[in-house]
Amino acid sequence: MSLKNQTISFIGSGNMAEAIFAGLLRKEVVQPSQILAADINHDRLVHLAEKYGVRTTTSNWEAALDADVVILAVKPQYFATAAAGVRGHFKNHTLVLSIMAGITIETIEHSLEHPAIVRSIPNTPAMVGEGMTIWTAAEQVTDAQAQAAEAILTGCGQAAYVAEEKYLDMATAINGSGPGYVFLILEAMIDAGVQMGFTRPVAEQIVIQTVVGSALYARESGIHIAQLRNQVTSPGGTTAAGLFALEQGNLRATLAQGIMAAYKRSAELGK
Ligand SMILES: NC(=O)c1ccc[n+]([C@@H]2O[C@H](COP(=O)([O-])OP(=O)(O)OC[C@H]3O[C@@H](n4cnc5c(N)ncnc54)[C@H](OP(=O)(O)O)[C@@H]3O)[C@@H](O)[C@H]2O)c1
C-alpha cells in the first residue's frame, strides 16, 4: 500500500496532527490534496487550509469514508465521541493509525469495529521533520498497511517499531512528553545566560545550537554518551564545576523521576 494517490484523513486536527502533516508536506512524502483534516473547530480548519493547502471538513464521518489511512488525533477523552460518529464507515482496506496516548488497540478496534489498527506515540518535532515515533500494529494489519504506516511515520522523522503494546506507555513518557522536558531545560539554560548578561536572543541562539549540536554529535559519532561528557570535563575545570553543582542538585534522579511520573500517569490515563 504505497502512499501515492492515497487519502490520509485526520480525525482531530490539533497540534500533533498538524505536526505530522506539516512534516510530511515538508519532505514531500504526500501532496496537500492527499490530506483531509477533520476537526470540530471550524476556525482551526480555515487556518490549516490557508497555511498548508490541505482539504478540510467538520465531518469526521466524511473524513473516514474518503480515507485510505485514518489518523486518530483527538485527545483520548474525546475518542469515544469521535468513534461513535465514524464506527462502521471505513472501507475494508482502510488503515487506522492512532496517535492517542493511553487508548489500547483493543479499545480502538471495539469502538470502531475495524481490525486494521496501528498504534503510535509521535512527538511534535515532527513539525520540522525531526519527530520520533514508537509504533506497533494489531495482528490483522497487513504488510502493505504496516509499510504505509511506516512511510507516514518516517516521513516526519524517525520511527521505531515495537512488537509489544506495553512499550507505548513507556514511549509516551519519553518521546511523547520528552519535548516538554527539553523545552524546560532550554528555558532554564537561556534564563541563566540572561542572568549572566547575554541578551535573550543571543542566549537563545547559544543554548539551542549547543543542545542541537550536542545531540547530533552524540547521534553521529556513535561514541558512548559518558565518554563524550568525559571529553569535555577537564580536571579541576569549568565543566567539572558545573557538573558537580548539577549532581548536587540531583539532576539525573530528578529527570528519571519526571519520566517515571509521566509513565505512571500514562498507564493511569489508559485505564
Ligand atoms: N501534543 C503532543 O506532544 C502529543 C504527543 C504524542 C501523542 N499525542 C496525542 O495526540 C492526540 C492529540 O493531541 P494534541 O496535542 O494534538 O491535542 P489538540 O491540540 O487538543 O488537538 C485535538 C483536536 O481535536 C479536536 N476535537 C475534539 N473533539 C473532536 C471530535 N469529536 N472530532 C474531531 N475533532 C475533535 C480539538 O478541537 P477543540 O480544541 O475545539 O477541542 C482539537 O482541535 C492526543 O490523543 C495525544 O495523546 C500528543
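## Looking at helix α11 (residues 238-248)
- In terms of burial, α11 is a largely surface element, zero of the eleven residues being buried.
- Asn 250, located one to two residues past α11, shows a positive phi value of around 60 degrees.

## Points about the pairing of strand β7 (residues 131-137)
- A large share of β7 lies buried, amounting to seven of its seven residues.
- Going residue by residue along β7, you find Gly 131, Thr 133, Trp 135 and Ala 137 tucked away on one face and Met 132, Ile 134 and Thr 136 tucked away on the opposite face as well.
- Bridge count between strand β6 (residues 117-121) and β7: four bridges; the pairing is antiparallel. Among the inter-strand pairings, Val 118 is bridged to a residue of β7, identified as Ala 137.
- For β7 and strand β8 (residues 157-161), the ladder comprises five bridges, and the chain directions are parallel. Across the sheet, the residue bridging to Gly 131 is Gly 157, located in β8.

## Focus on the domain arrangement of the protein chain
- Domain annotation for the protein chain reports domain 1 (8-165) and domain 2 (178-269).
- If you average the C-alpha positions of domain 1 and of domain 2, the two centres end up 32 Å apart.
- At the interface, six residues of domain 1 touch four residues of domain 2.
- Broken down by class, the residue content of the side of domain 1 that touches domain 2 amounts to three nonpolar, three polar and no charged.

## A closer look at unusual backbone geometry
- Positive phi, close to 60 degrees, is recorded for Asn 5, a residue that is not glycine.
- With respect to the helices and strands, the residue Asn 5 is situated in the segment before β1 (8-11).
- In this structure, Asn 250 is a non-glycine residue whose phi angle is positive, near 60 degrees.

## Here we look at the site of the ligand
- For the ligand, the set of nearby residues contains 28 residues, the closest of which are Gly 12, Gly 14, Met 16, Met 100 and Ala 101.
- Broken down by element, the shell around the ligand gets its largest block of residues, three residues, from helix α1 (residues 15-26).
- Residue classes in the shell around the ligand are distributed as 15 nonpolar, ten polar and three charged.

## Describing the nonpolar core
- Core analysis: the largest hydrophobic core is formed by 58 residues, its most contacted members being Ile 11 and Ile 71.
- Looking at which element gives the most residues to this core, the answer is α1, with eight residues.
- The contact partners of Ile 71, leaving out residues within four places of it in the chain, are Ile 8, Ser 9, Phe 10, Ala 17, Ile 20, Leu 97 and Ile 99.

## Brief notes about the sheet that holds strand β4 (residues 69-72)
- Spatially, β3-β2-β1-β4-β5-β6-β7-β8 is the arrangement adopted by the eight strands of the open sheet, whose pairing is mixed. Strand pairing shows two members of the sheet lacking a second neighbour, β3 (55-57) and β8, which therefore form its edges. For this sheet, the mean inter-axis angle between neighbouring strands, taken without regard to orientation, is 25 degrees.
- The sheet contact formed by β4 and strand β5 (residues 95-98) spans four bridges and is parallel. In the strand pairing of β5, Leu 72 is matched with Ser 98.

## Remarks on the environment of Leu 3
- By the secondary structure assignment, Leu 3 is in the segment before β1.
- We classify Leu 3 as partly exposed; it has 19 C-beta atoms within 10 Å.
- A sequence separation of 108 residues divides Leu 3 from Ser 111, and the C-alpha atoms of the two residues are 26 Å apart.

Criteria and cut-off values
- Residues numbered from 1 in each chain as written.
- Predicted model: local features only at pLDDT ≥ 70, side-chain atom pairs only at ≥ 80, totals over all residues.
- Buried ≥ 20, exposed ≤ 12 C-beta atoms within 10 Å, placed from the backbone.
- Helix = DSSP H or I, 4+ residues; strand = E, 2+ residues; numbered from the N terminus.
- Pairing = 2+ DSSP bridges.
- Domains from an automatic or database assignment.
- Contact = placed C-beta atoms within 7 Å.
- Nonpolar A, V, L, I, M, F, W, Y, C, P; charged D, E, K, R; others polar.
- Near = placed C-beta within 6 Å.
- Core = buried A, V, L, I, M, F, W, Y, C linked by C-beta atoms within 7 Å.
- Axes fitted to C-alpha atoms, helices over the stretch in contact; angles between N-to-C directions.

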